[in-house]
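# Results of the structural survey
The primary structure of each chain is shown beneath.
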Amino acid sequence: MMRLMVKLGYSRRGVGSILGAAFLILILLSGYTSYTLYIKQVGEYTKTLQDMQTYDLRRNEENIEFISVSTTIEDKLNLTVKNTGSNQAHLIWLGILDETTNTQEYYKINYYINPSETVSNIPDDTITILEGQERVIQLVTELGNTFIYSYLTGEGGSGETIYDFVDETCGSSPIGTHSFFEAQQYGPDGICDTLTEENKGETGGGGWLSGWQKRLKISVDHNDVDSNLTDFPLLLYLSTSSGIYNDDITCIFDDVGINRKKIALTTSDGTTQCYVEIEEWDTPSKEAWLWVKVPSISNTSDTGLYLYYDNTHSDNTDYVGDTGSIPAEAVWDSNFTVVQHLHEVSGTHYDSTSNGNDGTPYNGITQEASGKIDGADYLDGSNDYISYGDIAGFDTTDPFSMFVWVKSTDEDGQFIAKMGGPPYRGYQFLWWEDRISFFLINSWSSNCLLVRETATSSPYNDDAWHQIGVAYTGSGAVSGIELYVDGQVLATTNIFDTLTGSTITSTGLRVGRRGDGSLPLAGTLDEVRISHMARSTAWIKAAYESERDNLVYFRGTENYELNLEVQWVSVDFDKANEWLCIYGGTMDFEDILVDIWNGTDWVNVLIDLESGWNSVDISSYLVSSTFIIRYKGGLETSDSYQDSWEIDATFLHVWT
């Protein structure tokens, strides 16, 4: 019995523990369930919040733009709309509020419109709106957005006020062109019409090179050309300040950008192309240096050229090229031995002629120095020089000329030399004893020619740029030598005139010092040119003026104008507060005016359209259902650049 009681006691204690544990578990499970329910509620709330945020985001990204609202000939409502949002829009209701009777009607519709998609014929020509009825139109999307448009029908079911391009409404022929005027008939639609000036000032010649859209007229000033020149390499500097009159011609960079070969140069006939070397084309800075082979330049009248540019044209590789290309080499006639622009920032200096007489810089020349024309080389006066090998070896009876731009304060330093040590056979062109000097030597000093500046000290080593040169006729005498500075003959003194022997030497050509290392130049050099002919004084003067960008101007016989008229019909002219609103897209440099025809004269209402909205109240000018405005260029004469402007216009009725 006792044993049983023990068992029973033990059993009872076990049941109590189990019940207690079970009760505890129930309590815990109840708490866990509550916690689980709480977590579930939080999750559902968060999801709902996220769904709402997503819904709001989708609503915010939804946008419907009315392109046109009109009525057909049968007085049926005709909508054209565009989805300018970033998500597909679902149109489900069309609402029409009659402002006259203050009644609202809704029509069930079903249109899915993708982003950037335009849909017409909404609502399928089923709703009738009679002439003169004022309506507020509502488009409702599945997401609950409502897009509203106030609308007044025109006469004869013509819809909103329409305007069209007209030729001679007020007695003047159209000047200029438009690209897509029909797109403007129903107000702003995001499709701009491009208005482009027409060339009205061309006189004589000046045909147009086929396939090219734009051009500038260039004129070579005959006042700096003393005699006719043939196959002359003319510099064209393109920048914000180009030529004699510092013209801004960066329109070329705006059009072609980095596509530097989408250009063409022609003679005055507008169609005969010239060869072009591109020394440098710097799009970010809007600067370029071009060399053009001009077949003939007159000394009695200005010589005309045309610079074509067109970003839609293919590269003009037959006539335009970088240094070293076939068209670039064709710029320099067969009399040039070497032409060095010295614009390379490192390594080899490449010859622009077809001779391949490239130069090699030595001893740390600073090649990226600022030059007279683009880049240049700075020589430190210690041991810097450029080597060209055994070229330009002229003998006693060989004519030649050599020129270089120099900026220096040196008193003794070589420009160009083909000469070694004793007996110093060859030639050297330099500052010597503080005077510009030229030596042609068989044997120093008994068999040589020496000519130098008459001045006791040179005024040209003044740390300013000067073009310094020499021309030799091959006469064997000092009378055949002329020294030049800045395009003019320099006053000289003859020191030695005893040359009888040959001047040929195997010593290589050097720029910046002599072959034996003596007389190194301290200064900056640019545009080294050597020809195996004596260039004429007229050529030398013209070259100087050209290379300092003082021989051409970009104001020729071109004269671009714009005068385009627009006629508005079905204008509801008896309403108050009516505005002309014009949106300016990409606008060119020249001003564009907007005038209104008052029945007798033109009245200017906008002096210059700007980018963005331009608005003006024209209520006082509305006297009939026909309304005429015109777009006119601000510059009427001496306009050598063809401007174009983008516009998007509407006629806005502000009802009260």
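Structure first, text after, so check above.
The structure presented is a predicted model; accordingly, all values stated were derived computationally and were not measured.

The rules we used
Residues numbered from 1 in each chain as written. Predicted model: local features only at pLDDT ≥ 70, side-chain atom pairs only at ≥ 80, totals over all residues. Heavy atoms only, no water. Helix = DSSP H or I, 4+ residues; strand = E, 2+ residues; numbered from the N terminus. Buried < 20%, exposed > 50% of the residue type's maximum accessible area, 1.4 Å probe, protein only. Contact = heavy atoms within 4.5 Å. Salt bridge = Lys/Arg side-chain N within 4 Å of Asp/Glu carboxyl O. Pairing = 2+ DSSP bridges. Axes fitted to C-alpha atoms, helices over the stretch in contact; angles between N-to-C directions. Core = buried A, V, L, I, M, F, W, Y, C linked by side-chain atoms within 4.5 Å. Polar contact = N/O pair within 3.5 Å; in protein donor to acceptor, adjacent residues only side chain to side chain.

Okay, the overall build of the protein chain next. Along the protein chain, the regular secondary structure elements total four helices and 44 strands. Across the 656 residues that make up the protein chain, the buried fraction comes to 50%. A separation of at least 24 residues holds for 71% of the contacts in the protein chain among residues at least 6 apart in sequence.

Counted under the stated rule, the structure contains 14 salt bridges. Note that Lys541 is salt-bridged to Asp226, the shortest N-O span being 3.3 Å. Of this pair, Lys541 sits in helix α4 (residues 537-547) while Asp226 sits in the loop between β12 (214-220) and β13 (229-238), and the two are 315 residues apart along the sequence. A relative accessible area of 14% means that Lys541 is categorised as buried. Overall, Asp226 belongs to the partly exposed group, its relative accessible area being 44%. As a salt-bridge pair, Asp595 and Arg630 come within 2.8 Å of each other at their nearest N and O atoms. Placement of the pair is Asp595 in strand β40 (residues 592-597) and Arg630 in strand β43 (residues 627-633), with a sequence separation of 35 residues. Linked by salt bridges that have partners in common, Arg260, Lys261 and Asp322 make up one network.

For the rest of this paragraph, the subject is the pairing of strand β41 (residues 602-606). Pairing analysis gives four bridges linking β40 to β41, with the strands arranged antiparallel. The partner of Asp595 across the bridge, within β41, is Asn604. As consecutive antiparallel partners, β40 and β41 are separated by four residues, and within that stretch Gly599 has a phi angle of approximately 100°, a positive value.

Taking strand neighbours across the sheet as the criterion, the five strands line up as β15-β14-β18-β12-β36 in an open arrangement whose pairing is antiparallel. One side of each edge strand has no neighbouring strand; the edge strands of this open sheet are β15 (273-274) and β36 (552-553).

Moving on to the sheet that holds strand β16 (residues 276-282). With mixed pairing, four strands are arranged side by side in an open sheet as β13-β17-β16-β19. With one partner strand each, in any of the chains shown, β13 and β19 (320-322) form the two edges of the open sheet. Averaged over all pairs of adjacent strands, the angle between their axes in this sheet comes to 30°, without regard to strand direction. Here six bridges tie β16 to strand β17 (residues 287-297), and the two strands are oriented antiparallel to one another. Its bridge partner being in β17, Asp282 is matched across the sheet by Glu287.

So, about α4. Think of an α-helix as 3.6 residues a turn; residues three or four steps apart then line up on the same face. Of all 11 residues in α4, 10 are buried; the element is thus mostly enclosed. Turning to α4, its buried residues are Ala538, Trp539, Ile540, Lys541, Ala542, Ala543, Tyr544, Glu545, Ser546 and Glu547. Following α4 by one or two positions, Asp549 has its phi on the positive side, about 60°.

This part takes up the side chain of Asp221. Its location among the elements puts Asp221 in the loop between β12 and β13. Once residues within four sequence positions are removed from consideration, Asp221 is found in contact with Ile244, Asp302, Leu551 and Tyr553.

In this section: the environment of Leu229. Along the chain, Leu229 turns up in strand β13. If sequence neighbours within four positions are ignored, Leu229 has contacts with Pro295, Ser296, Ile297, Ala538, Trp539 and Ala542.

This part covers the environment of Val451. Its location among the elements puts Val451 in strand β29 (residues 447-453). Note on Val451: relative accessible area 1%, which makes it buried. In this structure Val451 touches Ile436, Ser437, Phe438, Val478, Ile481, Leu483, Thr492, Thr493 and Asn494, once residues within four positions along its chain are discounted.

Attention now goes to the nonpolar core. Judged by nonpolar contacts, the single largest core of 46 residues is most densely connected at Phe232, Leu234, Leu236, Leu238, Ile252, Trp281 and Leu290. With residues up to four places along the chain from it excluded, the contact list for Leu236 reads Ile218, Leu265, Ala288, Trp289, Leu290, Val292 and Val552. Within the second largest apolar cluster, 38 residues are counted, among which are Ile391, Phe400, Leu449 and Val478.

Let's shift gears to the side chain of His90. The topology assignment puts His90 in strand β3 (residues 89-98). A relative accessible area of 12% places His90 in the buried class. Side chain to side chain, His90 and Tyr112 meet in a polar contact 3.4 Å long. Sequence-distant contacts of His90, that is, excluding residues within four places in its chain, are made with Glu62, Asn110, Tyr111, Tyr112, Val140, Thr141 and Glu142.

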